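Summary of the model geometry
Spelled out from the first residue to the last, the chains are:
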Amino acid sequence: MRDQNLWYKNAIIYQIYPRSFYDSNGDGYGDFNGIIQKLDYLTTLGVDCIWLMPMYKSPLKDDGYDISDFCSVYEPFGTVEDLRRLFAEVHQRGMRVITDLVLNHCSDQHFWFQEARKDRNSKYRDYFVWNDTDKKFPETRIIFVDSQESNWTWDAVAGQYYWHRFYPSQPDLNYDNPEVREAMKNVMRYWLDMGIDGFRADAVPYLFEREGTINENLPETHAYLKELRKMMDTEYPGTVMLCEANQWPEDVREYFGDGDEFQLGFHFPLMPRIFMSIGKQDAGSLVKIMQATPEIPENCQWCTFLRNHDELTLEMVTEEDRQWMWNFYAPDPAMRMNLGIRRRLYPLLENDRAKIGLAYSLMFTIPGSPVLYYGDEIGMGDDITQFDRNGVRTPMQWDDSQNGGFSDADTTYLPVITDSVYGYRHVNVQKQEKDGASNLNWLRNLIRIRKSSPALGYGGISWITTGDRVPVLVYKRATADDCVIVFHNLTGDPQEISVDLTQGSYQDLIVPSIRYEGGAGKTVKLAPRQFLWLRKE
Ligand code: NOJ
């Protein structure tokens, strides 16, 4: 099972937003060479794979998810040669790198769309989805609910409406057109030839449209994705695809196919329930969603995460829970966006190490490869005065010099955080490197411990505490030769819990000098908000 080709089943993935990571040439924008300079930092954190967010040519109407040329890079980031060197440097350090693959749409500035709108007879017209009215596909929901009223936009040049699931500047591609299907395969080949290890495939549920449906998760979409996987397996063995499908577990399950579609898939419904468990001091809803999560094929894996570059999405919770999350975690309306919350991890959890510990521990011990968001390892803050989701995309804080050491420029594309709690003078890598107890070193240690246990990486899970209210969450992770019992006291009070532990001795993985003896009905004492990982010796 721990075959090299299954490396992704137990990988620590680190998400880099290139614009914000490190500016090597003083123009105020992060760049590829800047990332190269910081790769050693990532190896010391224990990162196995980098997810590089869109680095393609783009007018940036959706921060790079609106691509105007799939085979060129955004100039301020550097050249294709720089990027090639970045891939090589990543590999030299034993890490891997995946990039975003935006299949569903392109920018309205893309040549295809420009040609399509000008001329009904152009072959590119059929690269997009047009209609004479905006009444087609009424069952389809709107994703960016704050700013969009329709998935159709009138194009005066074309004299028709075009279909888009995101901003109007992102027309959806028409996957019923075989040329589109082939063109996007060739885009993948272009990047795979350059040496990347795979893709985080953006917004995959929406590729095809069919009347009378909600236009999500259609069989045609799965068939095409399987075709992509087949191409990758045949032409680029060992490369992977990570699925971004913000859907219920049974729907995401379909994206793993019979092990012949995606290898990896984000567990979207789990993420808000981690925050709910901590806020409500009760993991009832988390346990329920995990119990409702179907088994996935042996060669597949979930990806767990706490935060990313988008709003903390609340699409996969009930209306009641959404209201609860908004009231609890986004009291200021400016913190809310679409169906979510545009805040970072540390401010959400009040900069409280105990709560943050619970969050990371849940993410690291529930089955899945953890995906970390840049800056969350040091506890960066957010800036809700910024437009859209930019407040969680501010420059990485490297040290306490100008612009947090991110850039020498007078102005940076987004201002660095300067507030009295999360500002770069207080929260930065350099300062935390020197402090053994810093957020950074604490997380490094937790990653190291997590990696030391095959059970936490590859093991199955059995739930020990279940029910409607679960203030103390206990479960077992086990492989044939490793077993860890995981405890979380979600409450702010000390707790004692009685559990049956198989005979033998257990080591506390966090404080290795502490040992427990197994046996039936053992009482385990937990401090407020303590987590405990007990490994059977
Ligand atoms: C999902 C991405 O995470 C988000 O940032 C983007 O706006 C949409 N897909 C559209 O590409």
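We now examine the packing of aromatic side chains. All chains considered together, the criterion is met by 46 aromatic pairs. Centre to centre, the rings of Tyr22 and Trp398 are 6.3 Å apart; their planes meet at 85°, and the pair counts as edge-to-face. With Tyr22 in the loop between helix 1 (18-21) and helix 2 (32-37) and Trp398 in the loop between strand 16 (369-373) and helix 14 (429-433), this pair connects stretches of sequence that are 376 residues apart. For the residue pair Tyr22 and Trp398, the accessibility class agrees, reading buried in each case. In this arrangement the basic side chain of Arg344 is found over the ring face of Tyr374, its NZ or CZ atom lying 4.7 Å from the centre.

Moving on, we come to the site of the ligand. Residues in close proximity to the ligand total 13 residues, the closest being Asp62, His105, Asp202, His309 and Asp310. Taking Asp62, its side chain carries an N or O atom lying 2.5 Å from an oxygen atom of the ligand. Between the ligand and Asp202 there is a distance of 2.8 Å, counted from an oxygen atom to a side-chain nitrogen or oxygen. Here the ligand has 290 Å² of accessible area as a free molecule, and 98% of this is covered by the chains. Residues that form the shell around the ligand fall into these classes: 3 nonpolar, 3 polar and 7 charged.

The next thing to look at is the pairing of strand 12 (residues 301-305). For strand 12, the buried fraction is high: 5 of the 5 residues fall into the buried class. Covered by surrounding structure in strand 12 are Gln301, Cys303 and Phe305 together with Trp302 and Thr304, the residues of both alternating faces. Inspection of the sheet shows strand 11 (residues 264-266) paired to strand 12 by 3 bridges, in the parallel sense. Bridge pairing links Leu264 to Gln301 in strand 12. Inspection of the sheet shows strand 12 paired to strand 16 by 3 bridges, in the parallel sense. By the bridge assignment, Thr304 is partnered in strand 16 with Pro370.

This part covers the environment of Gly94. Mapping Gly94 onto the fold places it in the loop between helix 4 (80-92) and strand 5 (96-102). Residues Gly94 and Asp493, 399 residues apart in the sequence, show an inter-C-alpha distance of 43 Å.

Strands sit in the order 1-2-5-9-10-11-12-16 around a closed barrel of 8 strands; the barrel is parallel. Adjacent strand axes in the sheet meet at a mean angle of 25°, parallel and antiparallel pairs treated alike. Alignment of strand 5 against strand 9 (residues 198-202), held across 5 bridges, turns out to be parallel. The residue of strand 9 that forms the bridge with Leu101 is Ala201. Sitting on the sheet, helix 4 touches strand 2 (49-52) and strand 5, and the angle it makes with strand 5 is about 140°. Its contacts with the sheet put helix 7 (residues 219-235) on strand 9 and strand 10 (240-243), and the angle it makes with strand 10 is roughly 155°.

A separate point is the sheet that holds strand 7 (residues 152-155). Spatial strand order, 6-8-7: 3 strands in an open sheet with antiparallel pairing. With one partner strand each, in any of the chains shown, strand 6 (130-131) and strand 7 form the two edges of the open sheet. Across 2 bridges, strand 6 lies against strand 8 (residues 160-163) in antiparallel orientation. Looking at the pairing, Trp130 lines up with Tyr162 of strand 8.

What follows is about the side chain of Arg307. One can find Arg307 in the loop between strand 12 and strand 13 (312-313). As a buried residue without a salt bridge, Arg307 has its nearest oppositely charged side chain in Asp376, at a separation of 6.0 Å. A distance of 2.7 Å separates the side chain of Arg307 from the backbone oxygen of Asp310, its partner in a polar contact. Here the side chain of Arg307 touches Arg343 through a polar contact of 2.6 Å, landing on its backbone oxygen. In contact with Arg307, other than residues within four places in its own chain, are Gln15, Phe275, Leu312, Ile341, Arg343, Arg344, Leu345, Leu348, Tyr373, Asp376 and Val392.

Moving on, we come to the packing of helix 9 (residues 270-280) against helix 11 (residues 319-329). Orientation of helix 9 relative to helix 11, taken along the N-to-C sense of each, is 65°, at an axis distance of 11 Å. Note that helix 9 runs across helix 11; the crossing there is left-handed. Within the contact between the two elements, helix 9 uses Pro272, Phe275, Met276, Ile278, Gly279 and Lys280 and helix 11 uses Asp321, Trp324, Met325, Phe328 and Tyr329. Of the residues that constitute the contact of helix 9 with helix 11, the class distribution is 8 nonpolar, 1 polar and 2 charged.

Right, let's get into helix 6 (residues 178-193). Compared with an ideal rise of 1.5 Å per residue, which puts 16 residues at 22 Å, helix 6 spans 22 Å between its outermost C-alpha atoms and is within 8% of the ideal. Of all the residues in helix 6, the buried ones are Val180, Ala183, Met184, Lys185, Val187, Met188, Arg189, Trp191 and Leu192. In this structure Asn177 caps helix 6, since a side-chain oxygen of it lies 2.7 Å from the backbone nitrogen of Glu179. Of the residues trailing helix 6, Gly195 is marked for its positive phi of about 110°.

A few words on the nonpolar core. Tyr14, Trp191 and Tyr360 are the most contacted members of the largest nonpolar core, which totals 152 residues. Filtering out sequence-adjacent residues up to four positions away, Trp191 remains in contact with Met55, Tyr56, Phe70, Cys71, Val73, Leu83, Phe87, Ile196 and Phe199. Counting residues in hydrophobic clusters, the runner-up holds 13 residues, among them Cys483, Leu501, Leu526 and Leu534.

The phi dihedral of Gln281 is positive, around 55°, even though this residue is not glycine. Locating Gln281 in the fold gives a position in the loop between helix 9 and helix 10 (284-291). What makes Gln281 partly exposed here is its relative accessible area of 26%. The phi torsion at Asn351 lies on the positive side, around 55°, for a residue other than glycine. With respect to the element layout, Asn351 can be found in the loop between helix 12 (345-348) and helix 13 (353-365). Judged by relative accessible area, Asn351 falls into the partly exposed class, the value being 35%.

Rules used throughout
Residues numbered from 1 in each chain as written. Predicted model: local features only at pLDDT ≥ 70, side-chain atom pairs only at ≥ 80, totals over all residues. Heavy atoms only, no water. Phe/Tyr/Trp six-rings, centres within 6.5 Å; stacked < 30°, edge-to-face > 60°. Helix = DSSP H or I, 4+ residues; strand = E, 2+ residues; numbered from the N terminus. Buried < 20%, exposed > 50% of the residue type's maximum accessible area, 1.4 Å probe, protein only. Lys NZ or Arg CZ within 6 Å of the ring centre and 35° of its normal. Near = heavy atom within 4 Å. Polar contact = N/O pair within 3.5 Å; in protein donor to acceptor, adjacent residues only side chain to side chain. Areas by Shrake-Rupley, 256 points an atom, 1.4 Å probe, with all protein chains shown as cover. Nonpolar A, V, L, I, M, F, W, Y, C, P; charged D, E, K, R; others polar. Pairing = 2+ DSSP bridges. Axes fitted to C-alpha atoms, helices over the stretch in contact; angles between N-to-C directions. Contact = heavy atoms within 4.5 Å. Lys, Arg positive; Asp, Glu negative; His and termini not counted. Salt bridge = Lys/Arg side-chain N within 4 Å of Asp/Glu carboxyl O. Left-handed = near helix turned anticlockwise from the far one by under 90°. Expected span 1.5 Å × (residues − 1). Core = buried A, V, L, I, M, F, W, Y, C linked by side-chain atoms within 4.5 Å.

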